Amino acid sequence: MNIKAKYLGYELQSPFVLSASPISQDIDKLVKLSDLGIGAIVLHSLFEEQLIDEELELEYHLTHGTESFSEAQSFFPNYDDYRMAPEEYLELIQKAKQRTNVPIIGSLNGTSIGGWIDYAIKMEEAGADAIELNIYNIPTDFGLHADEIEDAYVHIFQQVKSKLHIPVAAKLSPYFTNFANFAKRLDYVGANSLVLFNRFYQPDINVDTLEVEPKVTLSNSSDNRIALRWIAIMKGRINLDLAATGGILTAKDAIKMLLAGANVTMMFAAFARNGLDYMKTLIADLHQWMEEKEYSSVEEFIGVMSQKNVPNPSAYERAQYMKALNEYKLNF
Amino acid sequence: MSEKRFITVDGNEAAAYTAYRYSEVIAIYPITPSSPMGEFSDEWASKGIKNIWGSIPTVYEMQSEGGAAGAVHGALQAGALTTTFTASQGLLLKIPNMYKIAGELTPTVFNISARTLSTHALSIFGDHSDINAARQTGFALLASSTVQEIMDMGAIAWSATLRSRIPFLHFFDGFRTSHEVQKIEVLPDDVLSQMVDYELVKAHKDRALSPDHPVLRGTAQNPDVFFQNRETMNKYYDDCPDIVQEEMDKFARLTGRQYHLFDYVGDPNAENVIVIMASGADVSRDTVEYLNKNLGKKVGVLQVHLYRPFSIKHFIAALPKTTKKIAVLDRTKEPGATGEPLYLDVVSAVYEAMQDGTAPFEKIPNIIGGRYGLSSKEFTPSMVKSIFDNLENSKPKKHFTTGINDDVNFTSLDFDPTFNIEPDSVFRGLFYGLGSDGTVGANKNSIKIIGDNTDYYCQGYFEYDSKKSGSITISHLRFGPDLIRAPYKITHAKFLACHQTIFLEKYDLIKNLVKGGVFLLNTPFPKDEVWNSLPKSQQKQIIDKKIKVYAIDAQKVAEESGMGRRINTIMQTCFFAISGVLPGDQAIEEIKKSIRKTYGKKGENVVKMNLDAVDNTLANLYVVPVPEQVTSEWDTFPAVSPKAPEFVKYVEGEIIAGRGDELPVSAFPIDGTWPTGTAQYEKRNIALEIPVWDESICIQCGKCALVCPHASIRIKVYGQNILENAPPTFKSMPSKDYKGEIYSIQIAPEDCTGCKVCVESCPVVDKKNPKHKALDMNPQIPLREQEKVNWDFFLTIPEKDRSTIQNTNIRQQQIQQPLFEFSGACAGCGETPYVKLVSQMFGDRTVIANATGCSSIYGANLPTTPWTINKNGKGPAWNNSLFEDNAEFGLGMRLAIDKQEEIARNLLSKLGSAIGGDLVNQLLNSNQKSEEEIASQRQRVEILKSKLKEINTVDAKRLLDVADYLVRKSVWIIGGDGWAYDIGYGGLDHVIASGKNVNILVLDTEVYSNTGGQMSKSSPIGSIAKFAASGKPTPKKDLGMMAMAYSNAYVASVAFGSNDAQTLKAFAEAEAYDGPSIIIAYSHCIAHGIDMEHPLSVQKALVDSGQWILYRYNPNNKLVGKNPLTLDSKAPKIPVAQYLDQETRYKMLSKINPAGYKKFYEEAQEFVNDRYKYYSYLAQRDFSDFVKQTDGNVRTIEGVN
């Protein structure tokens, strides 16, 4: 039975891909996942904003209070070099390439066009097999029109793509007025894949302290429906790979995504909850299902449940939502 | 000869360079101003830099200088080429070993940045009192006067020590030379190698103790042989001077730089000669040349390089035959001697040579001695001239002083401060900055740029004031085509930059500018208002001297470029743009190049930020038109209020105004006694923002006052009627705890440093506007006048009767008056809240022994003193002895106080009937635990005193003298972890074991904070510190556990930012405990690399993670069958990494030692887990049997529950 998958021009040993997550900060864990059959690895995101903050913070702390008092003109040893986050990240790419046998995909979240391009080039030079652009910000400017935001995203993508030789994926949120149109625009400027969808850490309010706090929650299987819908709608209508991410916790979740049309499925919460050895379960479960359904390869069933292929394409459209809601009410 | 290579370094780096190149083992310990030599060595070793022998020296920090000397002795005996660095008290601690090392004829070189010894006061600055205290040890003493000489003499010392077998002490002037930056020629390895004969190294190693060829040293000898044996080594000392000269000659052949044991400069037929060593010789050389050339004098100076062994032969040969008068200058004072040491050497050398007939002089010269430059007192050409003027007198003043006005003993020579010998070819720039704005760093960088890009010689010297927050820095920069020998401050500047406008309020800056000079001002005023923002007197001088004025709003440029408050790059760019030291475009390009080099390692964004700042600067710099008339309506402010006491006005005020040098001898107390309570008059106005209280939402918790490091936020509770005279904007609210009374929180607007910790501590959030708390920061300037009035009114409100204050809860305890206020500690300091707490709770009956360190510096560094008194004139009495002896010092105080009390009690009993039985009985037996009881005892003592005055007996008079000791006194022994864990631990241990009633407060910052963050045994595993550049490999010493092992000591571990109530409880219990108490108080510190505006959240994470545990160990608990250990910390609830990542000292590991980062974090977690388990186990032990095991009686002990 062949569980190999194809993504971004690479043949993967399985359709399970590690999504951008803290797991990738530990090279030993990546090696283990690679050995256990992960298809590819997306490294955690390099956030340009965070890098700037980190550099400025280090500079601040190394200089704060120095050259002020005759007995203590500095407080820390003087080093010739600091391994700042970009170098750490680039080293991680190199190490991951050396120690694993799967494609390594760098993930980048920039804030300036220069930053997007510079860091993407550095990742390519460090040996990344592909880059995933994590395009996301919260536009809070009331005067900013939706078109301008989308144009800016496309511009970033176009610029980065034009400078790189390796495939580039776009990880997107579903919050576009017409997602299909935006996806098509990225397709047009050369995106190699869409990664659907980004989950954002949403703020929460602490009612005791009256403070806003970041709330980090792991995804659930129910979180994958929106991606499932859009992958099913996109499959066959757009000329690029599709990766499903968010709420894929079991082999069954992954199979649904593949059936809808995803080339690969990206996972993190499953490993966070169950440990890295869960990879074995995923593969075993996939094998079992394929055996039951008599599929000999993954490629064989990708997209068989896409909107284009299902007998009732409208099932993926809005009317179905109304129906579901009605059924829900009836169950009360 | 190798190709010459120049570098721009300071004296310490030059010394460390040579020492490191030759050494195999380096034993170090921090002490100002020599610490950087150890730091450089440690850094180079951590970077894997090798010595000339091909190995990386082992650099090892010891627990004290004495320890370092012991380790050096051992390493030398075991055959390693070994060195150490030190100064001042550190050198004193090395002396016992130095005798041994010299007695065993062991080659080594100690590098000493010579510093003042503590006498009536401590001074970190330079003179020769320390090296003179070691001149009798048998070490050779070799003096350097410039940064270049330091590097050169370092090599000569090594080659000479190996040849002569005499150990060398190589010294140079602390700060003046150790911290002076100069462009010098580096000694390449081939020169260093050629200077030392490997056979001599081999001989040293062959003499090593080894079981393969065993010998024994260190015998004990008896009267029959010791003397003869001691005389065996004379030949080595006799030979040493010639060896040193030969090595100097060899050095000259290799480098072209010729030195002599005694270098003479001046007229070959001079009659009047100065003899001097170290940097003072440089001043003298230039002055002699000027006097001979321009004033037609025939004078000379003899610079002493080899001070010990003192070679009479070489000395006499170096003097002109025509010499008639000699002035010998000593940078030390030896009270009671017939003269200072170098003077005595010269007298005996000349006398002996005359007697022997080897002197070439017609008749014996008239030799006079004088003192100069104690504690880095300026020594200038004008003073040198005054000495020659004195020599010209028929009866020159003997045992004179220069540089001061001695109006008591009349020793001083008059000098003309306007006398200037500096050639016009030397560029002289003065830069006034704030410590926090990066001025000094930028100037050091400018020197490197100019040094690297021109043939100019460069010199930089940097002055700092004595405060750790809002400190002023003055940079003195010289550049010129000829070698710069000017180890004195600039007073005739061609360029002067004022980096903060506040300096114009306080100082006359323009007086330092020459006619036609350039003045650069950073100012927030708009272009057309700049001129009028200058004070009258400065405007007048600008007009009269035809000064060209430039200005820029550097703060605005900094903010727009993302630089925050650091205006360093901006002001540096201005300097280069207008000074003309380098061509404009080249200068800017070099700054940018330097930015890329300096900041490149810290990330591209830091580089970009600085490059943006350069470009933005050029667009914002402008010329200020200077009108012909003074137009300003204001002038510089007096340094202190005219209402201040006389001493404050005329002594401290002058020091604050920068005129301390002009104070005469008569202005000072004779024995180091200094009045307390004077910091209140030094209004520093350094806060950009101050807290503003919103009484409508305040819950009166008292936390803001507790955490305030400077006691500049205060609480009072008082009667309603007081408000009748309140200023209109004075705020108040009904007291929650004292019904019917009024509660006010008031900020001292001119004393606050703007640290914001009070705001962080405030738990109140406005329900309608969560951005707003009961304390918010607001700009100081608009509030200053209003709040000054409010503060003055607040001070008139009577303090609450202490006996009505419950000091077991913070909301009330914080009403107690702080008797420690407005110190010079860092903004946001983590130590001072504890110190202040002691002053509040026990200050009116406390004597304090304070170890040297941050707390002694912010506690007593002039000009003003933060320890203060209450309205009855009572308050803490304080002294600092040394670094290493503080526990013993405090114990001595306890012994003395106990003795006085004992005398008083005996006399009381003896005089019983005359005084009255009841009063005597009450005085002897009343409890003095609560404030109320202490107040009653005070009243009884007052009654006693009035009765005693009526009794005319010797005993009554004696009792009157000691009656105050009948009120319980509290002895506090305060110091940092460097003292408690390391250098003072032996004494601390002894004092804890003594059982005496002392209270030890360890302000634990986990590093040597005062000297710049060196590792101590308190430093936790994995923390980065100086001397632990790759992270400390071993866990923190558990001082509390060691103290608990005695079982008779009260021990507490506290962290006020995590649990202030527990802190309060521990302080109260410790003081109440009738025996030794030790409180280990976590103190966040600027050296941790934390957000100093939010240190409390860091402390919270510290305790929540278990990295610091809170506990109290009260031996009295055992007496009631309870476990003495109360663990106040809950089990760790966050991973230790979550805390560690909040501090640069840990997090930076990921940037420099990623493998160590992972490993240390894991080990830190393991350590924390294990320690908590162990403490939990100890705290859970059952002590119910303990009572039975003693006498079976369960007792009730007051204060134990």
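The rules behind each value
Residues numbered from 1 in each chain as written. Chains lettered and ligands numbered in written order. Predicted model: local features only at pLDDT ≥ 70, side-chain atom pairs only at ≥ 80, totals over all residues. Helix = DSSP H or I, 4+ residues; strand = E, 2+ residues; numbered from the N terminus. Rg over C-alpha atoms; globule rule 2.2 N^0.38 Å. Buried ≥ 20, exposed ≤ 12 C-beta atoms within 10 Å, placed from the backbone. Contact = placed C-beta atoms within 7 Å. Pairing = 2+ DSSP bridges. Axes fitted to C-alpha atoms, helices over the stretch in contact; angles between N-to-C directions. Nonpolar A, V, L, I, M, F, W, Y, C, P; charged D, E, K, R; others polar. Left-handed = near helix turned anticlockwise from the far one by under 90°. Core = buried A, V, L, I, M, F, W, Y, C linked by C-beta atoms within 7 Å. Parallel < 35°, antiparallel > 145°, perpendicular 65-115°, else oblique. Domains from an automatic or database assignment. Right-handed = clockwise from strand over helix to strand, strands pointing away. pLDDT = per-residue confidence, 0-100. Expected span 1.5 Å × (residues − 1). Arc of directions from axis to C-beta.

**So, the overall build of chain B**
- Counting its regular elements, chain B contains 44 helices and 37 strands.
- Taken against the 2.2 N^0.38 rule, which gives 33 Å for 1201 residues, the C-alpha radius of gyration of chain B at 32 Å falls within 12% of a compact globule.
- Expressed along its principal axes, the backbone C-alpha trace of chain B runs to roughly 90 × 85 × 75 Å.
- Residue burial in chain B is summarised as follows: out of 1201 residues, 54% are buried.
- Counted over contacts in chain B with a minimum sequence separation of 6, partners at least 24 positions apart contribute 76%.

**Notes on the overall build of chain A**
- For chain A, the helix and strand inventory stands at 12 helices and 12 strands.
- Here the C-alpha radius of gyration of chain A, 22 Å, is about what a compact globule of 332 residues would show, namely 20 Å.
- Structurally, chain A occupies a C-alpha span of about 80 × 50 × 45 Å along its principal axes.
- Going through the 332 residues of chain A one by one, you find that 45% of them count as buried.

**Let's talk about the sheet that holds strand S6 (residues 140–143) of chain B**
Residues and elements named next belong to chain B.
- Taken in spatial order, the 7 strands line up as S3-S2-S4-S5-S7-S6-S12 in an open sheet, and their pairing is mixed. The sheet terminates laterally at strand S3 (58–61) and strand S12 (306–308), the two strands that pair on one side only. On average, each strand axis in the sheet is tilted by 20° relative to the strand beside it, whichever way the strands run.
- Direction of pairing for S6 relative to S12: antiparallel, over a ladder of 2 bridges. In the strand pairing of S12, Leu142 is matched with Leu306.
- Helix H6 (residues 147–164) contacts strand S5 (109–114), S6 and strand S7 (168–173) of the sheet and is inclined by roughly 170° relative to S7.

**Describing the interface of chain B and chain A**
- Counting from both sides, the interface comprises 36 residues of chain B and, opposite them, 29 residues of chain A.
- Looking at side-chain class alone, the side of chain B that touches chain A contains 14 nonpolar, 15 polar and 7 charged residues.

**Here's the deal with the packing of helix H15 (residues 439–453) of chain B against helix H20 (residues 584–599) of chain B**
Residues and elements named next belong to chain B.
- In the contact formed by H15 and H20, the axes pass within 10 Å of each other and the chain directions differ by 115°. Where H15 crosses over H20, the two elements pack in a sense that is right-handed. Residues Asn445, Ile449 and Asn453 of H15 form the contact with H20, whose own contacting residues are Glu590, Ile591, Ser594 and Thr598.
- Of the residues in the contact of H15 with H20, the class split is 2 nonpolar, 4 polar and 1 charged.

**Looking at the nonpolar core**
- Residues Leu169, Val275, Leu1001, Val1002 and Ile1079 of chain B are the most contacted members of the largest nonpolar core, which totals 320 residues.
- Look past the residues within four positions of Ile1079 of chain B in its chain and what remains in contact with it is Leu1001, Val1002, Ala1052, Val1054, Ala1066, Phe1067 and Ala1070 of chain B.
- If you look at the next biggest cluster of nonpolar residues, it comprises 91 residues, including Leu8, Ile104, Met123 and Ala270 of chain A.

**Here's the deal with unusual backbone geometry**
Residues and elements named next belong to chain B.
- With an omega of 0°, the peptide bond between Thr32 and Pro33 qualifies as cis.
- In this structure, Pro33 sits in the loop between strand S2 (25–28) and helix H2 (35–46).
- Pro309 follows Arg308 through a cis peptide bond whose omega is -10°.
- Inspection of the secondary structure puts Pro309 in the loop between S12 and helix H12 (312–318).
- For Gln700, which is not glycine, the phi torsion reads 60° and is therefore positive.
- Along the chain, the position of Gln700 falls in the loop between strand S23 (689–693) and helix H23 (703–707).
- A positive phi angle, close to 65°, is found at Ser1047, a residue other than glycine.
- One can find Ser1047 in the loop between helix H36 (1039–1044) and strand S34 (1050–1054).
- What makes Ser1047 exposed here is the crowd of 11 C-beta atoms within 10 Å.

**Brief notes about the packing of H20 of chain B against helix H21 (residues 604–620) of chain B**
All names here are of chain B.
- Direction vectors running N to C along H20 and H21 enclose 160°, while the axes themselves pass 9 Å from each other. The orientation of H20 with respect to H21, classified from their angle, is roughly antiparallel. Here H20 and H21 pass one another in a crossing that is right-handed. In this structure, H20 uses Ile588, Ile591, Lys592, Ile595, Arg596 and Tyr599 to contact H21, whose residues at the interface are Val606, Val607, Asn610, Leu611 and Val614.

**Some remarks on the domain arrangement of chain B**
- The domain boundaries assigned to chain B delineate domain 1 (6–255), domain 2 (262–402), domain 3 (427–624), domain 4 (674–816), domain 5 (893–966) and domain 6 (1005–1190).
- For domain 2 of chain B and domain 5 of chain B, the distance between their C-alpha centroids amounts to 60 Å.

**Digging into the sheet that holds S34 of chain B**
Residue and element names in this part refer to chain B.
- Here we have 8 strands laid out as an open sheet, ordered S29-S28-S30-S31-S35-S34-S36-S37, and mixed in their pairing. For this open sheet the edge positions go to strand S29 (877–879) and strand S37 (1125–1127), each flanked by a neighbour on one side alone. Strand-to-strand twist of the sheet, defined as the mean angle between neighbouring strand axes without regard to direction, takes the value 15°.
- As judged from the 3 bridges shared by strand S36 (residues 1111–1113) and S37, these two strands associate in the antiparallel manner. Note that in S37 the partner of Tyr1113 across the bridge is Leu1125.
- Against the sheet, helix H29 (residues 886–910) engages strand S28 (846–850), strand S30 (970–976) and strand S31 (999–1004), with an angle of about 175° to S30.

**Some words on the pairing of S28 of chain B**
Residues and elements named next belong to chain B.
- Within S28, 4 of the 5 residues are buried, which leaves the element mostly enclosed by the surrounding structure.
- Across 5 bridges, S28 lies against S30 in parallel orientation. Of the residues in S30, the one forming a bridge with Ala849 is Ile973.
- Direction of pairing for S28 relative to S29: parallel, over a ladder of 3 bridges. Bridging from a neighbouring strand, Ile848 pairs with Trp878 of S29.
- Running through helix H28 (residues 854–860), the crossover from S28 to the neighbouring parallel element S29 is right-handed.

**Remarks on the pairing of strand S10 (residues 272–277) of chain B**
Residues and elements named next belong to chain B.
- Judged by how many residues are buried, S10 sits mostly within the fold: 6 of 6 residues are covered.
- Of the two faces of S10, both are covered, the one formed by Asn272, Ile274 and Ile276 as well as the one formed by Val273, Val275 and Met277.
- Judged from the 6 bridges that link them, S10 and strand S11 (residues 299–304) form a sheet pairing that is parallel. Bridge pairing in S11 links Asn272 to Val299.

**Let's talk about the environment of Gly853 of chain B**
All names here are of chain B.
- Along the polypeptide, Gly853 turns up in the loop between S28 and H28.
- By the C-beta count within 10 Å, which is 29 here, Gly853 ends up buried.
- With 30 residues separating them along the chain, Gly853 and Phe883 place their C-alpha atoms 7.3 Å apart.
- Setting aside chain neighbours within four positions, we find Gly853 in contact with Phe883, Gly975, Gly976, Gly978, Trp979 and Asn1010.

**A few points about the confidence of the model for chain B**
All names here are of chain B.
- Confidence in the prediction of chain B, expressed as mean pLDDT, is 95, and 99% of residues score 70 or more.
- Note on residues 1194–1201: pLDDT under 50 across the span, and 16 contacts to partners over four residues away in sequence or across chains.
- What the predictor reports for the complex is a pTM of 0.93 with an ipTM of 0.91.

**Observations regarding helix H3 (residues 85–99) of chain A**
All names here are of chain A.
- Spanning 15 residues, H3 covers 20 Å between terminal C-alpha atoms, matching the ideal 21 Å at 1.5 Å per step.
- Regarding H3, the residues found buried are Pro86, Tyr89, Leu90, Leu92, Ile93 and Ala96. Seen from one end, H3 has its buried residues packed into an arc of 150°, which puts them on one side.
- Here the buried face of H3 lies against helix H1 (27–36), strand S4 (40–47), helix H2 (48–63), strand S5 (104–109) and helix H4 (113–126).

**Some words on the environment of Phe47 of chain A**
Residues and elements named next belong to chain A.
- Along the chain, Phe47 falls in strand S4.
- For Phe47, a count of 19 C-beta atoms within 10 Å corresponds to the partly exposed category.
- As a C-alpha pair, Phe47 and Ala85 span 38 residues in sequence and 9.5 Å in three-dimensional space.

**Some words on the environment of Trp972 of chain B**
All names here are of chain B.
- With respect to the helices and strands, the residue Trp972 is situated in strand S30.
- Residue classification places Trp972 among the buried residues on the basis of 26 C-beta atoms within 10 Å.
- In sequence terms Trp972 and Val191 are 781 residues apart; their C-alpha atoms lie 55 Å from each other.
- Each residue touching Trp972, except ones within four places of it in the same chain, is listed here: Val838, Thr846, Ile848, Asn999 and Leu1001.

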